[in-house]
Amino acid sequence: MDGCMGEGILINSFALVSYLPEPLSGFLDGLRSDLVRECRAKAHVTLLPPRPLRASAEDAWQELKAGLQDFQPFRVELGDIEIFPVTQVIYLSVGRGRAQLERMHLTLNAGRLQFGEPFLYHPHVTVAQDLEPGDVAAAADTAARRWREFPHRRDFTVDQLTFVQNTLENRWTDLAGCALDHSNISI
């Protein structure tokens with residue numbers, strides 16, 4: 001789930017994400033905007049990558065909330081700038097918290113939300129994608145330099161998850177939220 005945020009014609013493509021807090025989010029949103037000018041995505045880590053649903057969004061959301069009952073908030077630490085070799089997506093790696101993200105993904109990718117994903121789940125925070133092949137190396141260098149200069153903590157707590165839906169314009173819309181302390185809220 002790495003499209004831009006906003007309004008549009010909703011399509012059958014859903015994901016589960018955890019948005020990053022400030023100051024990480026502001027820094028990464030700005031970096032992504034600088035590298036991919038037409039995109040204004042909110043910095044996030046994806047727990048369930050985009051997938052179609054064979055049930056209503058409401059039923060899928062209820063199943064997600066039930067699947068999250070055994071999970072507590074946990075820390076995630078961001079690592080280095082890397083590039084996925086096949087897709088040429090530039091991303092921040094995840095160190096601490098990776099195992100918890102993988103366990104959540106394995107648990108939640110079931111039932112109405114089960115989907116045969118095209119790539120093995122790899123926790124990360126996307127920094128840039130859909131660049132021209134000749135621009136990827138320079139963009140990755142810029143991202144790595146600016147990440148080294150980031151003066152704040154590089155970790156955050158995953159304690160709030162957001163169920164999102166994509167649009168024809170590839171702009172993601174928040175549908176519902178769930179706190180890992182088991183108090184669920186709608187957005």
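Reading guide: rules and limits
Residues numbered from 1 in each chain as written. Predicted model: local features only at pLDDT ≥ 70, side-chain atom pairs only at ≥ 80, totals over all residues. Heavy atoms only, no water. Helix = DSSP H or I, 4+ residues; strand = E, 2+ residues; numbered from the N terminus. Rg over C-alpha atoms; globule rule 2.2 N^0.38 Å. Buried < 20%, exposed > 50% of the residue type's maximum accessible area, 1.4 Å probe, protein only. Contact = heavy atoms within 4.5 Å. Areas by Shrake-Rupley, 256 points an atom, 1.4 Å probe, with all protein chains shown as cover. Lys, Arg positive; Asp, Glu negative; His and termini not counted. Charge placed at Lys NZ, Arg CZ, Asp CG, Glu CD. Core = buried A, V, L, I, M, F, W, Y, C linked by side-chain atoms within 4.5 Å. Pairing = 2+ DSSP bridges.

**Q** I'd like a rundown of the overall build of the chain, residues and numbers included.
**A** Across its full length, the chain holds 4 helices and 10 strands. Helices and strands appear in the chain in the N-to-C order β-β-α-β-α-β-β-α-β-α-β-β-β-β. The C-alpha atoms of the chain give 16 Å as radius of gyration, which agrees with the globular expectation for 187 residues (16 Å, within 12%). When the backbone C-alpha atoms are referred to their principal axes, the chain occupies close to 45 × 35 × 30 Å. Within the chain, buried positions represent 48% of all 187 residues. Expressed as a percentage of contacts within the chain between residues at least 6 apart in sequence, the contacts between residues at least 24 apart total 75%. Total accessible area computed for the chain in this model is approximately 9,200 Å², and 52% of it derives from carbon and sulfur atoms. Of the side-chain charges in the chain, 18 are positive and 25 negative, and the distance between the mean point of each set is 3 Å.

**Q** Quick rundown of the nonpolar core? Include the residues and the values.
**A** Among the nonpolar cores identified, the biggest contains 50 residues, and Leu16, Leu28, Leu78, Ile90, Trp147 and Phe163 are the most heavily contacted of them. A per-element tally of this core places helix 4 (residues 136-149) first, with 6 residues. In this structure, Ile90 is in contact with Ile81, Glu82, Ile83, Thr126, Val127, Ala128, Leu131, Val136, Ala139, Ala140 and Ala143, ignoring residues within four places of it in sequence. By size, the runner-up hydrophobic cluster in this structure holds 5 residues, among which are Ala15, Tyr19, Val164 and Trp172.

**Q** Lay out the side chain of Asn109 with the relevant residues and their values.
**A** Here Asn109 shows up in the loop between helix 3 (98-108) and strand 6 (124-128). Look past the residues within four positions of Asn109 in its chain and what remains in contact with it is Leu48, Arg51, Gln114, Phe115 and Glu117.

**Q** Please provide a residue-by-residue account of the environment of Val89, values included.
**A** Summarising the element assignment, Val89 is placed in the loop between strand 4 (74-83) and strand 5 (90-94). In this structure, the C-alpha to C-alpha distance between Val89 and Arg37, residues 52 residues apart in sequence, is 15 Å. Residues within four places of Val89 in sequence aside, it is in contact with Glu82, Ile83, Phe84, Thr126, Ala128 and Gln129.

**Q** Explain the pairing of strand 4 residue by residue, including any values.
**A** The sheet contact formed by strand 4 and strand 7 (residues 155-158) spans 4 bridges and is antiparallel. Each bridged residue has a counterpart across the sheet, and for Val76 the counterpart in strand 7 is Phe156. Summarising the sheet, strand 4 and strand 5 pair through 4 bridges and their orientation is antiparallel. Residue Ile81 lies in a different strand from strand 5, and its bridge partner there is Leu92.

Nothing here speaks to function; it is all geometry.
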